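Observations on the three-dimensional arrangement
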Amino acid sequence: MIETPPLVDQCCHGVLRTELGLGTFEAHLGRGEGPPAPGTTFFDTQTGFAVRRWCPPLLGLEPHCQPARYLARRRELGVVEAGRRLLRATGIGTYLVDTGVPGDLTGPPELAAAGAAEAHEIVRLELLAEQVADTSGTVETFLANLAECVHGAAAGAVAFASVGGAHGLALAPEPPDAGEVRGAAARWLAGRRVGDRLTHPVLLRHLVWIAVASGLPLQLHAGTGDPQRYVGEFARATAGLGTDLVLLHGYPYHRQAAYLAGAFPHVYADLGPALVRTGARAATLLAEVLELAPFGKLLFSSGAHGLPELHVVGAQLFREALGRVLGGWVAEGAWSRSDADRVAGLIASGNARRVYGLP
Amino acid sequence: MIETPPLVDQCCHGVLRTELGLGTFEAHLGRGEGPPAPGTTFFDTQTGFAVRRWCPPLLGLEPHCQPARYLARRRELGVVEAGRRLLRATGIGTYLVDTGVPGDLTGPPELAAAGAAEAHEIVRLELLAEQVADTSGTVETFLANLAECVHGAAAGAVAFASVGGAHGLALAPEPPDAGEVRGAAARWLAGRRVGDRLTHPVLLRHLVWIAVASGLPLQLHAGTGDPQRYVGEFARATAGLGTDLVLLHGYPYHRQAAYLAGAFPHVYADLGPALVRTGARAATLLAEVLELAPFGKLLFSSGAHGLPELHVVGAQLFREALGRVLGGWVAEGAWSRSDADRVAGLIASGNARRVYGLP
Amino acid sequence: MIETPPLVDQCCHGVLRTELGLGTFEAHLGRGEGPPAPGTTFFDTQTGFAVRRWCPPLLGLEPHCQPARYLARRRELGVVEAGRRLLRATGIGTYLVDTGVPGDLTGPPELAAAGAAEAHEIVRLELLAEQVADTSGTVETFLANLAECVHGAAAGAVAFASVGGAHGLALAPEPPDAGEVRGAAARWLAGRRVGDRLTHPVLLRHLVWIAVASGLPLQLHAGTGDPQRYVGEFARATAGLGTDLVLLHGYPYHRQAAYLAGAFPHVYADLGPALVRTGARAATLLAEVLELAPFGKLLFSSGAHGLPELHVVGAQLFREALGRVLGGWVAEGAWSRSDADRVAGLIASGNARRVYGLP
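About the criteria used
Residues numbered from 1 in each chain as written. Chains lettered and ligands numbered in written order. Predicted model: local features only at pLDDT ≥ 70, side-chain atom pairs only at ≥ 80, totals over all residues. Heavy atoms only, no water. Helix = DSSP H or I, 4+ residues; strand = E, 2+ residues; numbered from the N terminus. Rg over C-alpha atoms; globule rule 2.2 N^0.38 Å. Buried < 20%, exposed > 50% of the residue type's maximum accessible area, 1.4 Å probe, protein only. Contact = heavy atoms within 4.5 Å. Areas by Shrake-Rupley, 256 points an atom, 1.4 Å probe, with all protein chains shown as cover. Pairing = 2+ DSSP bridges. UniProt positions renumbered as here; feature names shortened; annotations may be inferred. Buried area = accessible area lost by both parts, 1.4 Å probe. Salt bridge = Lys/Arg side-chain N within 4 Å of Asp/Glu carboxyl O. Polar contact = N/O pair within 3.5 Å; in protein donor to acceptor, adjacent residues only side chain to side chain. Nonpolar A, V, L, I, M, F, W, Y, C, P; charged D, E, K, R; others polar. Least-squares fit on C-alpha atoms with pLDDT ≥ 70 in both. Core = buried A, V, L, I, M, F, W, Y, C linked by side-chain atoms within 4.5 Å. Axes fitted to C-alpha atoms, helices over the stretch in contact; angles between N-to-C directions. Parallel < 35°, antiparallel > 145°, perpendicular 65-115°, else oblique. Expected span 1.5 Å × (residues − 1). Right-handed = clockwise from strand over helix to strand, strands pointing away. Phe/Tyr/Trp six-rings, centres within 6.5 Å; stacked < 30°, edge-to-face > 60°. Lys NZ or Arg CZ within 6 Å of the ring centre and 35° of its normal.

Chain A goes by Amidohydrolase family protein in an unreviewed UniProt entry, where it is assigned to Streptomyces cavernicola.

Below, the structure is given as structure tokens:
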């Protein structure tokens, strides 16, 4: 076995505060743009099978028991106690929590308390901009408040995240000029109703570049296309500025994300959601990322959202995959034992501590 | 071993009716735009090696015997008897036969009789349009006959297939308007000689959208590029219309095809030709598709065309790959035994029966 | 074990003539656009670990010893003796040396002598054009000298290589017309200072097409994007002209490169740098390329540049990967033993001997 220190989960979200029925639970296992197809269920996915493997034993049931039985036991314990048992079994010592997703989710302090761990906040840029828009009367106020808010948020957060930025950056990696930004803000604000999401590519780029100026690491959701096409030019444009970029959600372009992490000193690759989504294949996914990513440029995360079961699965799959992949290389003589332990520590915790300045 | 029911081969073609020489046989092992390079042979491919592994024993020879010896034995038995022996050894219980490829091939009833199986027809949209063009005098007649023919064909077929549609849909996923269609039809018919293939992107899109209106499942050859770029927007445009899309021939973008099958309730992914083309690597390919495709969204096929050897290889590689991949996950505790058997049944047969409404 | 004949390294470069400090050595392990990130080192990569695995024993040290200790031993032996020991342990019998990269590197005869092997030259087209530009006064002289020089170089070389060609060919695969070429040459020469690199896409295409006319095999660096997008149309445009194309550096698009090698009789795929860069994963990479590439269309190389350690690692990883992948397929009955030995010989040496007309 490969030993790891307590994990730093460098990108996750809170868990739902309410009791869950089978349908809501199932919905959090899918990642699609709709419900499961007629005659199918999201439990019949690698994520569903991984949850059924790892979580029932933590609540006193046998692995792979039926979903209905698991949900009944979860309700019997109550959402708080079930969450406590699950989170404390993850081996995660530090959660970096992106608070910018909707839903009645626990915030960082609550997640820390439930998991007997530490937690820090990652600020989602788009949500920040939407909140600023809700309270700003004019274009000038909006833009001034936006800059101030991003810089203010930087003081209390460990990182920024942008989910839509890659879309805008693919079209034009450089910062938009002041006139463009004013025009875009005027158009967006004029047509906007409270609660509308920010999707204007010029404003997304503007936001990302304000965040770059803050110096805090920036997590970029690279979408589902080749990150080289989406953020390659942006990586080139931000080289040497002193701000690190962390590419999230690369699968099935994770090898390309790993390539970028090797090509640019300030680019890092995230590991997590690819493992949770591919379940029994997690070891292969980890191995594929380890082909090209320098070992100091790779960061563990669970990407978990809503269900503490997903934090469990993210952490378990990661540790098991590390053991199989690195342990296998040690066994065949390709890596030394001490190198394998050292690299495991970097990916599990050390790289994140260095990049985010954690104690 | 993982047990499977008789397979539903959800996308294949007929077999050649004539005796074959070495050169014609070899040509059916390649997939390229030309003959083998000087000094090379298409037998030196994964497909060639897989045929030499699985087929000689079915005709009484040792595995991996030389191609010339195999062909001699095949001729000795005669094309009918050799085909009968091969097809009956596949374990395929139902063939869905795309009849829209050229060549002197057996049709569905003949394939069913030779293989002691059932067979149903898949209608190739482009061929249908070309046949309509051959017999229609004016643009108006052509377009009226086309709509009528597609709807008529829907009554006797289990699905439609489009090989060129993805090309047109990549440019514009929505249905072309009536004026565009009339203009395109006029230009195509004016320059057309009998036998010319339909490649006009506007007519291809028009055809695909007529087929969508029929409600029958539509098989889309996604080409060799990223299916997300080619059919992602079309999948979004057809969501909720009640017509299922089945993505064919995804390799080497099979992980992206699996992603789309997870993202859209009405999108399915095909498995077959990737296995036949990659031979000894089939288990890995199956495992890669199983990373992201929900288990209810994946369909076996052989993609075989011309040689019954390819039906044999498609089925054997699939069953062996299922046994290794699912059996491996059961052995390491990642999946339960009963889940593995159930998922094997879905991919081998159950999903296809549900999608195509087979008894 | 799978036996291989002495290898033909179909694409490598010379080794540095000077003693190396730790920093210079480390820089040659990275492939990025900058130094290692703060707190990281290029030794913490698959390439770094592979060098530490295979090379210390060749200089009398234990595998995986610390970099500083290895470098000290290397300096103790001297750069000439260390290079001799390393190169003679590669099992490479023939080096094809691309001489078009900058640096104080050994040329083909020197590399041959150090390695007790043969060596032949591959001429880099861009460097040739830059040298012609340095000594040509007018556009007319430049273009005339260019054509003459390429044809002259063909007499003494085994192949041409283009590193920038794919960029230009992606935009337009056909040869530029004479007016375009003259205009581009005029603009480039007017703004050029001695030593400037050739990056003008029209001139790059012009160069590539002159090389195609020579009939010598042309090695194309396909960049880091999908080679089908970059060189697919160029492959179609050059089909049947009698000049072979060898695609280099496909990873992570090596499956797409293998696809092109199967689709076009005159297209070949290179194997090497993908193995050196992915180290402990080399067997998987080899297996992935062997999915679709016909076995007569795949060529070994190390891609090594600057450090003889990279020639060692390229050759060792290749032989080990062959043994594991082909040996594994023999063990499970998928391939016959004699087929495996024959294919190993083709990839190690036979294909390159045929393509480059080596004795």
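What follows picks up the thread again.
**Quick notes on the overall build of chain A**
If you tally the helices and strands in chain A, you get 16 helices and eight strands. What you see for chain A is a C-alpha radius of gyration of 21 Å, in line with the 21 Å of a compact globule of 359 residues. The C-alpha extent of chain A, read off along each of the three principal axes, is 60 × 50 × 40 Å. When each of the 359 residues of chain A is scored for burial, the buried share is 63%. Considering only residue pairs separated by 6 or more positions, chain A has 76% of its internal contacts joining residues 24 or more positions apart. Of the roughly 12,100 Å² that chain A leaves accessible, carbon and sulfur atoms contribute 56%.

**Side note on the sheet that holds strand 2 (residues 92–98) of chain C**
Residue and element names in this part refer to chain C. Reading across the sheet, the eight strands line up as 1-2-3-4-5-6-7-8 and stay open at both edges, with parallel pairing between neighbours. In this open sheet, the two strands that pair with only one neighbour each are strand 1 (7–12) and strand 8 (298–299). In this structure, strand 1 lies alongside strand 2, joined through four bridges in parallel fashion. Within the sheet, the bridge partner assigned to L7 lies in strand 2 and is I92.

**Quick notes on the UniProt feature "domain: Amidohydrolase-related" (unreviewed entry) in chain A**
The residues that UniProt annotates with the feature "domain: Amidohydrolase-related" (unreviewed entry) are residues 190–358 of chain A. For the annotated span residues 190–358 of chain A, helix accounts for 59% and strand for 8% of the residues, and the straight-line distance between the end C-alpha atoms is 41 Å.

**Brief notes about the interface of chain B and chain A**
Facing 33 residues of chain B, the contacting portion of chain A comprises 28 residues. Here chain B packs against chain A, burying approximately 2,700 Å² in sum over the two surfaces, 50% of which is carbon and sulfur. Our enumeration of links across chain B and chain A arrives at five salt bridges. Residues B:E291 and A:R281 are paired through a salt bridge, measuring 2.8 Å at the closest nitrogen-oxygen approach. Taken together, chain B and chain A are joined by 14 residue pairs in polar contact (both at pLDDT 80 or more). Among the elements of the structure, helix 11 (227–238), helix 12 (254–263), helix 14 (282–292) and helix 16 (337–356) of chain B are those that each provide at least two residues to the side of chain B that touches chain A. The residue makeup of the side of chain B that touches chain A, split by class, is 16 nonpolar, six polar and 11 charged.

**Regarding unusual backbone geometry**
With an omega dihedral of 0 degrees, the bond running from A:Y251 to A:P252 counts as a cis peptide bond. A positive phi angle, near 70 degrees, is found at A:H64, a position not held by glycine. With respect to the helices and strands, the residue A:H64 is situated in the loop between helix 2 (46–54) and helix 3 (67–77). Residue A:H64 is classed as buried on the basis of its relative accessible area of 14%. Look at B:A116: it is not a glycine, yet its phi comes out positive at around 50 degrees. With respect to the helices and strands, the residue B:A116 is situated in the loop between helix 5 (108–115) and strand 3 (118–124).

**Focus on the relation of the copies chain B and chain A**
Superposing chain B onto chain A takes a rotation of 120 degrees combined with a translation of 0.0 Å along the rotation axis, leaving an RMSD of 0.0 Å. Taken together, the turn and the small shift mark the pair as related by a three-fold rotation axis. With a heterologous cut-off of 20% or less, the 9% of interface residues of chain B that recur at the interface of chain A puts this contact in the heterologous class.

**With respect to the nonpolar core**
Membership of the largest hydrophobic core comes to 356 residues, with the highest contact counts inside it found for A:L326, A:W335, B:L326, B:W335, C:L326 and C:W335. Excluding its chain neighbours within four sequence positions, the residues that come into contact with B:W335 are A:Q46, A:F49, A:H64, A:A280, B:F295, B:L326, B:W329, B:V330, B:A340 and B:V343.

**Thoughts on the relation of the copies chain B and chain C**
When chain B is brought onto chain C, the operation consists of a screw motion whose angular component is 120 degrees and whose axial shift is 0.0 Å, with 0.0 Å RMSD remaining. A distinct binding surface is used by each copy, with only 11% of the interface residues of chain B retained as interface residues in chain C.

**Let's talk about the interface of chain B and chain C**
Across the contact, 28 residues belong to chain B and 33 residues belong to chain C. Buried area between chain B and chain C, both sides added, is near 2,700 Å², and the carbon and sulfur share of it is 50%. A salt bridge links B:E288 to C:R255, with the shortest nitrogen-to-oxygen separation between them at 3.0 Å. Those elements that provide at least two residues to the side of chain B that touches chain C are helix 2 (46–54), helix 13 (272–278) and helix 14 of chain B. Of the residues forming the side of chain B that touches chain C, the biggest block, four residues, is contributed by helix 2 of chain B. The class makeup of the residues in the side of chain B that touches chain C is nine nonpolar, 10 polar and nine charged.

**What about the pattern of salt bridges?**
The full count for this structure, using the stated rule, is 60 salt bridges over all chains. Two residues, C:R74 and C:E309, come together in a salt bridge whose shortest N-O distance is 2.7 Å. Of this pair, C:R74 sits in helix 3 (residues 67–77) while C:E309 sits in helix 15 (residues 308–331), and the two are 235 residues apart along the sequence. In this structure C:E309 comes out as buried when scored by relative accessible area, which is 0%. With a closest N to O distance of 3.6 Å, C:R337 and C:D341 form a salt bridge. Taken as a pair, C:R337 and C:D341 lie in helix 16 (residues 337–356) at a separation of four residues, close to a single helical turn. For C:R337, a relative accessible area of 39% translates into the label partly exposed. Overall, the relative accessible area of 28% leaves C:D341 in the partly exposed class. Each of A:D44, A:R52, B:D339 and B:R342 takes part in one network of salt bridges that share partners.

**As for the packing of helix 2 of chain B against helix 15 (residues 308–331) of chain B**
Residue and element names in this part refer to chain B. Direction vectors running N to C along helix 2 and helix 15 enclose 85 degrees, while the axes themselves pass 9 Å from each other. In terms of orientation, helix 2 and helix 15 fall into the roughly perpendicular class. Counting all contacts with helix 2, which are made through T47, A50, V51, R53 and W54, the residues of helix 15 involved are E309, L310, V312, V313, Q316, L317 and E320. Split into classes, the residues belonging to the contact of helix 2 with helix 15 amount to seven nonpolar, two polar and three charged.

**A closer look at the sheet that holds strand 7 (residues 267–270) of chain B**
All names here are of chain B. Overall, parallel pairing links the eight strands, which are arranged 1-2-3-4-5-6-7-8 in an open sheet. Taken across any chain shown, the strands that pair with only one partner, and hence form the sheet edges, are strand 1 (7–12) and strand 8 (298–299). The sheet contact formed by strand 6 (residues 245–248) and strand 7 spans three bridges and is parallel. Pairing of L245 across the sheet is with V267, part of strand 7.

**Description of helix 15 of chain B**
Helix length check: helix 15 of chain B (24 residues) gives 34 Å between terminal C-alpha atoms against 34 Å at 1.5 Å per residue, within 8%. Looking one or two residues past helix 15 of chain B, B:G333 carries a phi angle of roughly 85 degrees, positive in sign.

**Remarks on the pairing of strand 5 (residues 218–221) of chain B**
When a strand is regular, its side chains alternate between the sheet's two faces. Residues and elements named next belong to chain B. Of the two faces of strand 5, the one holding L218 and L220 and the one holding Q219 and H221 are both buried throughout. Both strand 4 (residues 159–162) and strand 5 contribute to a ladder of three bridges, which runs parallel. Pairing of S162 across the sheet is with L220, part of strand 5. In the classification by handedness, the crossover that spans strand 5, the intervening helix 11 and the parallel strand 6 is right-handed.

**Brief notes about the packing of aromatic side chains**
Aromatic rings considered in pairs are described by the distance between their centres and by the relative angle of their planes. Evaluated as defined, the whole model comprises 27 aromatic pairs over all chains. Seen from their ring centres, C:F25 and C:F43 are 6.0 Å apart, and the 10 degrees between their planes marks the pair as stacked. Remark: C:F43 occurs in the loop between helix 1 (22–27) and helix 2 (46–54) and C:F25 occurs in helix 1; sequence separation between them is 18 residues. Given a relative accessible area of 7%, C:F43 falls into the buried group. Grouped by ring-pair contacts, the aromatic residues A:F49, B:F295, B:W329 and B:W335 constitute a single cluster. Directly above the ring of B:F49 sits B:R52, whose terminal nitrogen or CZ lies 5.5 Å from the centroid. Residue placement shows B:K297 over the ring face of B:Y268; its charged tip is 4.9 Å from the ring centre.

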